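Chain residues, written in single-letter form:
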Amino acid sequence: MKNNVEMSSDYEINGFTMAIIPVEMEGNLFSKVLEEEGEIYVSLPPIKIIEDSCNFYGSSFEGRKQGTKGISGYTHKPPIVIDPMNDIFFFPTASPTNDSCIWISLHYAYEYNKTPTANTKVMFPNNTIVEFPISKTSYEAQIHRTSLFRAKLQQRVNRKRSNSNRSLVATPGIMYRLRNSKDLQS
């Protein structure tokens, strides 16, 4: 661990956030946030960054977890939609209550390999390579679960939009005639 690391007191997940990794310094649990342009150390544990980011984007972590469960049925290591409007989805590598849980953005999770120690090495688009203590099988399962959850959520939203728009369209085969204001008063 680096000495004299510059520490930020808060952080909101955004479209450039690739991963949130727990780090221990002087007996405290903090986070190393990997972004496309570099890394940021935050004086909060990863779960607190996840919770604060859910709040920042208009929901609670518990609400997001319940939403995941309602849409996908996932209750164990649930993927979380941090911000549905900006398509920001994260998945945990362990139970979110576990201090060693790492959170990874679905959009940056695609290039990975198994290591000789049965961990998973992830290469991010900015050429940062990180070895995570999760098996390749579990890592892939989390990617698939998060992708499926994302697809189900998008299908639900699109279906709702489609049904809403249908009610704004006239029924085919029926002629509608607009009345002038004096016809309406009689």
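Residues numbered from 1 in each chain as written. Predicted model: local features only at pLDDT ≥ 70, side-chain atom pairs only at ≥ 80, totals over all residues. Heavy atoms only, no water.

Novice: Residue-level account of helix α1 (residues 46-56), with values.
Specialist: Those residues of α1 lying buried are Pro-46, Ile-49, Ile-50, Ser-53 and Cys-54. Mapping the buried residues of α1 onto a view down its axis gives an arc of 135°, with all of them on the same face. In this fold, the buried residues of α1 make contact with β2 (17-25), β3 (28-35), β4 (38-42), α2 (61-72), β5 (80-83) and β7 (103-105). Phi turns positive, to about 95°, at Gly-58, one or two residues after α1. (Buried < 20%, exposed > 50% of the residue type's maximum accessible area, 1.4 Å probe, protein only. Helix = DSSP H or I, 4+ residues; strand = E, 2+ residues; numbered from the N terminus. Arc of directions from axis to C-beta. Contact = heavy atoms within 4.5 Å.)

Novice: Run through the layout of surface pockets, naming residues and quoting values.
Specialist: Each pocket or cavity is described by its volume, and for the largest pocket that value is around 190 Å³. Lining the largest pocket are Pro-84, Met-85, Asp-87, Phe-89, Leu-153, Gln-154, Val-157, Asn-158 and Arg-161. Considering each element in turn, the lining of the largest pocket owes the most residues, five residues, to helix α3 (residues 136-166). Its residues assigned to classes, the lining of the largest pocket shows five nonpolar, two polar and two charged. (1 Å grid on protein atoms, 1.4 Å probe; cavity = no way out; pocket = protein on both sides within 12 Å on 5 of 7 lines; lining within 4 Å. Points joined across faces, edges and corners; volume = space filled by probe spheres on them. Nonpolar A, V, L, I, M, F, W, Y, C, P; charged D, E, K, R; others polar.)

Novice: Before we move on, can you summarise the sheet that holds strand β9 (residues 120-123) with the specific residues and values?
Specialist: Reading across the sheet, the three strands line up as β8-β9-β10 and stay open at both edges, with antiparallel pairing between neighbours. Each end of this open sheet is capped by a strand with a single partner; those strands are β8 (112-114) and β10 (129-132). Ignoring strand direction, the axes of neighbouring strands in this sheet form an average angle of 25°. By the bridge criterion, three bridges tie β8 to β9 in an arrangement that is antiparallel. Its bridge partner being in β9, Lys-114 is matched across the sheet by Thr-120. (Pairing = 2+ DSSP bridges. Axes fitted to C-alpha atoms, helices over the stretch in contact; angles between N-to-C directions.)

Novice: Could you give an account of the sheet that holds strand β1 (residues 7-8), with specific residues and numbers?
Specialist: Each strand in a sheet pairs with another by means of backbone hydrogen bonds, the pair being arranged parallel or else antiparallel. The strand order across the open sheet built from seven strands is β1-β4-β3-β2-β7-β6-β5, with neighbouring strands paired in mixed fashion. The open sheet is flanked by β1 and β5, the only strands paired with a single partner. In terms of strand pairing, β5 meets strand β6 (residues 88-92) through three bridges, oriented antiparallel. Of the residues in β6, the one forming a bridge with Asp-83 is Ile-88.

Novice: Before we move on, could you go through the pairing of β4 and cite the residues and values that matter?
Specialist: Where a strand is regular, its side chains alternate between the two sheet faces. With two bridges connecting them, β1 and β4 associate as parallel partners. Across the sheet, the residue bridging to Ser-8 is Val-42, located in β4. Two elements, β3 and β4, share five bridges in a ladder whose sense is antiparallel. When the bridges of β4 are listed, Val-33 appears paired with Ile-40. The hairpin turn running from β3 into β4, its antiparallel successor, is two residues long.

Novice: I'd like to hear about the side chain of Thr-146, residue by residue, with values.
Specialist: Its location among the elements puts Thr-146 in helix α3. Once you skip the residues sitting within four places of it in the chain, Thr-146 turns out to touch Pro-79, Phe-89, Phe-91 and Leu-106.

Honestly, it's all geometry; don't read function into it.
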